[in-house]
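In case you want the letters, here they are:
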Amino acid sequence: MTSQTVSDNHVIQIHYSLHLGDSEVIDSSREREPLVYLHGASNIVPGLERQITDKAVGEKFSAVVPAAEGYGETDGATPQPVDRNNFPEGVELDAGMAFQAEGPDGEDLTLWIHEVQDDQVFVATHHPLAGKDLHFDIEVVGIRAATEDEVAHGHPHGPDGDQVH
Ligand code: ZN
């Protein structure tokens, strides 16, 4: 067995927690399953992907990702309410989810969910974490070579590569 390190075309499992510089954790995988992603396919923000490169299983480290390498800069727009009925039924809506909409001139528009309040969904054209420097604590918990299908699709098919979609 050679020891593997994180590189492109590998499926990586990480545990992470995220704060915005004040140590108050706003998101963590610790109470869930590890995050599974395909390295080198822009599944995660670029600054984090870059800092995980070459790490080995078991490594724990902190990574500060400036906004420009995270979710980009904010355009300053105030999130606007949209009726829940405009979204597909049966899909759980959460802050940070993106979807495609049509702009006033028929152009494609990416809208991000900022908040869900009962039957109102607040959306804006920037990610809720845009303009923020991201402070991650990372532990690499798994590395395996991606399958051909995973590389072709640009995403992992689950921890073991058997969840085809
Ligand atoms: Zn797929």
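**Points about the overall build of the protein chain**
Turning to step 1, where the next piece is worked out: Helices and strands together make up the secondary structure of the protein chain, namely two helices and nine strands.
Turning to step 2, where the next piece is worked out: Overall, the C-alpha framework of the protein chain stretches about 55 × 40 × 30 Å when taken along its three principal axes.
Turning to step 3, where the next piece is worked out: Expressed as a percentage of its 165 residues, the buried residues of the protein chain come to 33%.
Turning to step 4, where the next piece is worked out: Pairs at least 24 residues apart make up 59% of the contacts formed inside the protein chain by residues separated by at least 6 positions.

**Let's talk about the coordination of the zinc ion**
Turning to step 1, where the next piece is worked out: Note on the zinc ion: its protein donors are His153 (ND1), His155 (NE2), His157 (NE2) and His165 (O). The metal-donor distances range over 2.0 to 2.1 Å.
Turning to step 2, where the next piece is worked out: Viewed at the metal, the four donor atoms of the zinc ion are separated by angles of 96 to 124 degrees, and the geometry they form is tetrahedral.
Turning to step 3, where the next piece is worked out: Sequence positions of the donors to the zinc ion reduce to the motif H-x1-H-x1-H-x7-H.
Turning to step 4, where the next piece is worked out: Taking relative accessible area as the criterion, His165 reaches 53% and is therefore assigned exposed.

**A short note on the pairing of strand S6 (residues 98–102)**
Turning to step 1, where the next piece is worked out: Sheet topology note: the S6/strand S7 (residues 108–117) ladder contains five bridges and is antiparallel. Considered in S7, the bridge of Ala98 is made with Trp112.
Turning to step 2, where the next piece is worked out: The turn linking S6 back onto S7 is made up of five residues, and Gly106 within it adopts a positive phi angle of 80 degrees.

**Structural notes on the environment of Ile138**
Turning to step 1, where the next piece is worked out: Residue placement: Ile138 occurs in strand S9 (residues 134–145).
Turning to step 2, where the next piece is worked out: For Ile138, a relative accessible area of 3% puts it in the buried group.
Turning to step 3, where the next piece is worked out: Sequence spacing of Ile138 and Ala63 is 75 residues, and the spatial spacing of their C-alpha atoms is 7.4 Å.
Turning to step 4, where the next piece is worked out: Apart from residues no more than four positions distant in its own chain, Ile138 is found in contact with Ile14, His15, Tyr16, Leu48, Ile52, Glu59, Lys60 and Phe61.

Reading the values: the criteria
All residue numbers here refer to positions counted from 1 along the written sequence of the relevant chain. Confidence filtering applies because this is a predicted model: local features only for residues at pLDDT of at least 70, side-chain atom pairs given and counted only at 80 or more, and all residues used for totals across whole chains, interfaces and linings. Derived side-chain values reflect all non-hydrogen atoms in the structure, with water molecules and hydrogen atoms excluded from consideration. Numbered from the N terminus, helices here are DSSP runs of H or I no shorter than four residues, and strands are runs of E no shorter than two. Only protein chains enter the accessibility calculation, which uses a 1.4 Å probe; a residue whose area is less than 20% of its type maximum is buried, one above 50% is exposed, and one in between is partly exposed. When checking whether two residues touch, look at their non-hydrogen atoms; a contact exists if any pair is within 4.5 Å. Note: metal donors comprise N, O and S atoms at 2.8 Å or less from the metal (3.2 Å for Na, K and Ca); water molecules are not included, so apparent gaps in a site are possible. Square planar and octahedral assignments, for four and six donors respectively, both demand that opposite donors be over 155 degrees apart and that all other angles lie between 65 and 115; tetrahedral needs four donors with all angles between 85 and 135 degrees, and anything else is irregular. Here, strands pair whenever DSSP counts at least two bridges between them.

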